[in-house]
Amino acid sequence: MPVKDVTVEMMSADAMSAQPRVNLLGLTRQQLESFFAGMGEKPFRATQVMKWIFQEGIDDFAAMTNLSKALRERLQEVAEIRLPEVMQDHPSADGTRKWLLKVDAHNHIEMVYIPETDRSTLCVSSQVGCTLACRFCSTARQGFNRNLTTAEIIGQVALAARIIGLPENKGERVITNVVLMGMGEPLLNLEHVAPALELMQDDLAFGISKRRVTVSTAGVVPGIDRLCELSDVSLAVSLHATDDALRDQLMPLNTKYPIKELMAACQRYVAGKPHRRVTFEYVMLAGVNDSLAQARQLARLLRTVPAKVNLIPFNPFPGAPYACSSPAVINAFREVIMQAGIMTVTRKTRGEDIAAACGQLAGQVTDRTRRSERFLLQDLPGGGSGASSGSRAAHTIKEHVTQ
Ligand code: SAH
C-alpha cells in the first residue's frame, strides 16, 4: 500500500475517534429512529432504547439486554446517555427540593421540584445564565454563558425522575408538570427547547400532557409565534408592568417588544384553541408596580386575552434594588383583578429553609461574564461587586405552579 493511502487511513481513524459520542437523551423518537436507520437497524430499536432510558432509568448500553451484543458494543463506541451531575442537593422541610447541577466543567444550572397534594412540578432551566438583564432577577446578574442542549434540558427531567422515583416504581407519575421557569429564556433557545418539549410529552419518555408543560417567557414576540408553530404547550408570560415606561425599566427586552405587540402575540398563541389561557406572571415589587391603579390597568390590559394571573411575591437577593410588597398590598391587588373576573393566584413561598432565589445557587459557582460585572458595578448600592449572587444568605424559592 502506498504511503499516501496509509496516511489517509490513519487520518480518518483519528478523525473518527475525535468525533464526540451522540448523547441519545437529546434525540426525539423520530430522530432516534433515523439514528438507528443510519446504523442499518430497524426503527423499533428507538422504542427499546427510549424505554431503557426513560422508564428503566438505565444509561449503560451493556445492560440493554434486548439489543444484540454487537449493537450494544457499537452503541458504546458512538453514543452515550449522559445526564447532568448533581453538585448540591437542598431538600426542604416542606418537600420542595432544589438542586445545583453541573452540565460541564464550567457551567452549572438549577432545578427545583415542588410536590403538592394534587400535582408535582419540576422547574427546569433552559440556558446557563440569561441575556435579558431583568432588573429584579438574580440569574440576570450572572450574565449569559451558553444555551443548554436538548439532552441537558430533558436530562434534568430524567435526573429528577430517577432521584425521586421512576413511574413504574411508584405506580404513579412523580412529575406531573414541568415548567421552564428556571434559569434562562426558553424562547431564545427554541432550537433545543422544542425537541425537549416533544420528549416531555412523548409516552415513551414522560407522557406529560401539553397543558402540564409550560414555557415561561419574558416576552420574546417572534419566539411566541414560533412556539405556536412548533408546539402546543401552555404559555406563561412574565409581564410585571402594565405600561411600557415601567416595563422598559424592569425588563429591557420590552424596548424591543413593547406591551401592545406582546399582547397581540399572546392573542395569536391561543387563537382557535378553546379553553386555553395564557398565564401572566406579575412579580410584586413594593411601591413600583403594586398600586391599585396598576391592578386596574392590568385587568384592563388582560381583557383582550383569555388569561389567568400569577402574582409572585418578589424574592429578594443581596444587592437587589427592590423589596417585596406586603401581604396586605398583594391581597388588595389580587382582589381588584379577581373582581374583573380574572382567575388570580398568589404564589405560595416554598422551600424557605433551603436556599436562594432562582439563580443564586448557580451564581456561587458560575463564572460571570464581563457584561454582568458591569451590570453589578452600575446597579449595586455603593458600586461593590462582592455582595452579588455569590452570597449564601437564605432566601426562598417560589412555587412555580401555573396550571
Ligand atoms: N425567562 C423566563 C423564565 C425564567 S424566570 C421568563 O422571564 O419568564 C421565571 C419567573 O421568575 C419569571 O416570571 C421571572 O420574572 C420570575 N423572577 C425572576 N426573578 C425573580 C425574583 N427575584 N422574585 C420573584 N420572581 C422572579
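Anything mentioned here points back to the structure above.
Okay, so let's go over this structure. (Residues numbered from 1 in each chain as written. Predicted model: local features only at pLDDT ≥ 70, side-chain atom pairs only at ≥ 80, totals over all residues. Heavy atoms only, no water.)

1. Focus on the packing of helix H11 (residues 292-301) against helix H12 (residues 327-339)
Link 1 in the chain: One way to put it is that H11 packs onto H12 with a least axis distance of 9 Å and a crossing angle of 30°. Judged by the angle between their axes, H11 and H12 are roughly parallel. The two elements H11 and H12 meet at a crossing, and its hand is right-handed. Residues Leu292, Gln294, Ala295, Arg296 and Leu298 of H11 lie in contact with H12, whose contacting residues are Ala332, Phe333, Val336 and Ile337.
Link 2 in the chain: In terms of residue class, the contact of H11 with H12 is built from seven nonpolar, one polar and one charged. (Axes fitted to C-alpha atoms, helices over the stretch in contact; angles between N-to-C directions. Helix = DSSP H or I, 4+ residues; strand = E, 2+ residues; numbered from the N terminus. Parallel < 35°, antiparallel > 145°, perpendicular 65-115°, else oblique. Left-handed = near helix turned anticlockwise from the far one by under 90°. Contact = heavy atoms within 4.5 Å. Nonpolar A, V, L, I, M, F, W, Y, C, P; charged D, E, K, R; others polar.)

2. Side note on the sheet that holds strand S12 (residues 278-284)
Link 1 in the chain: What the ten strands build is an open sheet, ordered S3-S4-S5-S6-S9-S10-S11-S12-S13-S14; its pairing is mixed. Of all strands in the sheet, those with a lone pairing partner are strand S3 (85-91) and strand S14 (343-346), marking the two edges. Sheet twist, expressed as the mean angle between neighbouring strand axes with direction ignored, is 20°.
Link 2 in the chain: Taken together, the three bridges between strand S6 (residues 120-123) and strand S9 (residues 177-180) define a ladder with parallel strand orientation. Each residue of the ladder has a partner; that of leucine 122, found in S9, is valine 178. (Pairing = 2+ DSSP bridges.)

3. Some details on the layout of surface pockets
Link 1 in the chain: Estimated volume of the second largest pocket: approximately 190 Å³.
Link 2 in the chain: Taken together, Asn23, Glu80, Arg82, Leu83, Pro84, Glu85, Lys102, Val103, Asp104, Thr149, Ala151 and Glu152 form the lining of the second largest pocket.
Link 3 in the chain: Listing elements by their share of the lining of the second largest pocket, those giving two or more residues are strand S4 (97-104) and helix H5 (150-164).
Link 4 in the chain: A per-element tally of the lining of the second largest pocket places S4 first, with three residues.
Link 5 in the chain: Taken together, the residues of the lining of the second largest pocket break down into four nonpolar, two polar and six charged. (1 Å grid on protein atoms, 1.4 Å probe; cavity = no way out; pocket = protein on both sides within 12 Å on 5 of 7 lines; lining within 4 Å. Points joined across faces, edges and corners; volume = space filled by probe spheres on them.)

4. Overview of the pattern of salt bridges
Link 1 in the chain: Overall, the coordinates contain 19 salt bridges when judged by the stated rule.
Link 2 in the chain: The partner of arginine 119 in a salt bridge is glutamate 116, with the nearest N and O atoms 3.3 Å apart.
Link 3 in the chain: When its relative accessible area of 16% is taken as the criterion, arginine 119 is described as buried.
Link 4 in the chain: Across the salt bridge formed by glutamate 229 and arginine 226, the nearest N and O atoms sit 2.6 Å from each other. Linking glutamate 229 with arginine 226, this pair stays in helix H8 (residues 221-230), spanning three residues, or about one helical turn.
Link 5 in the chain: One network of salt bridges, with partners in common, ties together Lys210, Asp232, Lys273 and Arg276. (Salt bridge = Lys/Arg side-chain N within 4 Å of Asp/Glu carboxyl O. Buried < 20%, exposed > 50% of the residue type's maximum accessible area, 1.4 Å probe, protein only.)

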